Amino acid sequence: MADEPLVLGIETSCDETGVGIVRGTTLLADAIASSVDEHARFGGVVPEVASRAHLEAMVPTIERALKEAGVSARDLDGIAVTAGPGLAGALLVGVSAAKAYAYALGKPLYGVNHLASHICVDQLEHGPLPEPTMALLVSGGHSSLLLAPDITSDVRPLGATIDDAAGEAFDKIARVLQLGFPGGPVIDRLAREGDPKAIAFPRGLTGPRDAPYDFSFSGLKTSVARWIEAKRKAGEEVPVRDVAASFQEAVVDVLTRKAIRACKDEGVDHLMIGGGVAANSRLRSLAQERCDDAGIILRVPRPKLCTDNGAMVAALGAEMVKRNRAPSDWDLSADSSLPVTEPHVPGHSHGHSHEDGEGHGHAHGHGHAHDHDHVHELSKDNLYS
């Protein structure tokens, strides 16, 4: 285990300041500071509020993670950070912090993709990912079906949401039902006491001529909202638990149906589910049921690793180091729409890597601790004594 890369990961794509530390595929620390309570009164995430919260939480969260892992910042073999996609201002806080720490410590920097990180985090729970891996990523901002032959360099989008993401639909329906923010956990809880067959809500993009792997939840959201409005106009009580259960069933039915179809079509016998909505209990149970029926092995991380966290970024960073991928340049910036086809943002002129015949960057010293001679030793001692 001592030979495995020790990497710190920073995640600030939305409202969670996450800092994780892993050694290879072993999780050592997962520190999170959430600003969700500050956004609740607005009914959604406010980018400027999130950015300020990240700024205030960054250093204490990094220090907490190092203490929890029982390692020094000097021991690290690399620092990984979410470079995108996400909220631009929030991403910039994380990228700036990662660059500062990497520069001062003389460590390689890896700007990685948020979505690829959600896939890679499963290595911390169930060991190395099979290649290829089929991944269903479901969150407040994304609903995607991805095929990953190599999580560090080859991630292929098969389908995605054409309008609202699943998590976004949960939040909006919770708002209509006056259940507060975020909506996912409370709808999940109430749905357990409701009847999922009580109301026949529509299943978007499931017709024979529809794109087989794309998702649409805007029509479902509108249908549920109109059903609730009609009940209220008629002076009738809205059966909140039945609405929650029926809405949730419509979402997870489509998600799991399309994921199983993609596995069969691509000849992949594993399905990984990640993202915040992967913490939903009904999605997990229905996916398990349908995977069992189809002879597919289901991999879902524990709920805490499904939501945004630094551990997932560290996991992908460690894999980058292990496979000698090129570190990022110092001019790395945040990209709010970074495509999933770019698992990481490599460097073009990094002084400590060279390209092999296949275009893969190799870092000297087996990808471990780099020493940047231009960083004055005194500055390191002052910052990290």
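Refer to the preceding data block for the structure.
Before going into details, it helps to say that this report is about the structure given with it. Given the structure is predicted, the values throughout are model-derived calculations rather than measurements.

As a further point, take the overall build of the protein. Per the secondary structure count, the protein includes 13 helices and 13 strands. Counting only residues that meet the buried cut, the protein has 53% of its 385 residues in that class.

Looking now at unusual backbone geometry. The omega torsion across glycine 84 and proline 85 is -10°, close enough to zero to call that bond cis. Tracing the chain through its elements places proline 85 in the loop between strand S4 (78-84) and helix H3 (88-105). With a phi angle near 60°, glutamine 178 is a residue other than glycine that sits in the positive phi range. Tracing the backbone shows glutamine 178 in the loop between helix H6 (166-176) and helix H7 (183-191). By relative accessible area, glutamine 178 is classed as exposed at 67%. Of note, leucine 205 is a non-glycine position whose phi angle comes to about 55°, a positive value. With respect to the element layout, leucine 205 can be found in the loop between H7 and helix H8 (218-233).

Now for empty space enclosed by the protein. Over the atoms rolls a probe the size of a water molecule, and its path tells where empty space is left. In total, this model carries one cavity of 30 Å³ or more according to the counting rule given. Here the largest cavity is characterised by a volume of approximately 30 Å³. Forming the walls of the largest cavity are Leu129, Pro130, Glu131, Thr133, Ala148, Ile151 and Arg323. A breakdown of the residues in the lining of the largest cavity according to their chemical character gives four nonpolar, one polar and two charged.

The next subject is the sheet that holds strand S9 (residues 270-274). As summarised here, the arrangement of the five strands in space is S8-S7-S6-S9-S10, forming an open sheet in which the pairing is mixed. The open sheet has two edge strands with one neighbour each: strand S8 (154-160) and strand S10 (297-299). Averaged over neighbouring strand pairs, the angle between their axes works out to 25° when direction is ignored. Two strands pair when backbone bridges link them, and S9 and S10 are joined in this way by three bridges, in the parallel orientation. Each residue of the ladder has a partner; that of leucine 271, found in S10, is leucine 298. Across the sheet, helix H9 (residues 240-266) touches strand S6 (133-138), strand S7 (143-150), S8 and S9, and the angle it forms with S6 is around 160°.

If you add up the space inside the largest pocket, you get close to 1200 Å³. Lining of the largest pocket is provided by 39 residues; of these, Cys14, Asp15, Ser139, Gly140 and Asp171 occupy positions nearest its centre. Those elements that place two or more of their residues in the lining of the largest pocket are strand S3 (26-34), H6, H7 and helix H11 (303-306). Ranked by the residues each element gives to the lining of the largest pocket, the list is headed by H6, at six residues. Among the residues making up the lining of the largest pocket, the classes are represented as 15 nonpolar, 16 polar and eight charged.

Rules of the game
Residues numbered from 1 in each chain as written. Predicted model: local features only at pLDDT ≥ 70, side-chain atom pairs only at ≥ 80, totals over all residues. Heavy atoms only, no water. Helix = DSSP H or I, 4+ residues; strand = E, 2+ residues; numbered from the N terminus. Buried < 20%, exposed > 50% of the residue type's maximum accessible area, 1.4 Å probe, protein only. 1 Å grid on protein atoms, 1.4 Å probe; cavity = no way out; pocket = protein on both sides within 12 Å on 5 of 7 lines; lining within 4 Å. Points joined across faces, edges and corners; volume = space filled by probe spheres on them. Nonpolar A, V, L, I, M, F, W, Y, C, P; charged D, E, K, R; others polar. Pairing = 2+ DSSP bridges. Axes fitted to C-alpha atoms, helices over the stretch in contact; angles between N-to-C directions. Contact = heavy atoms within 4.5 Å.

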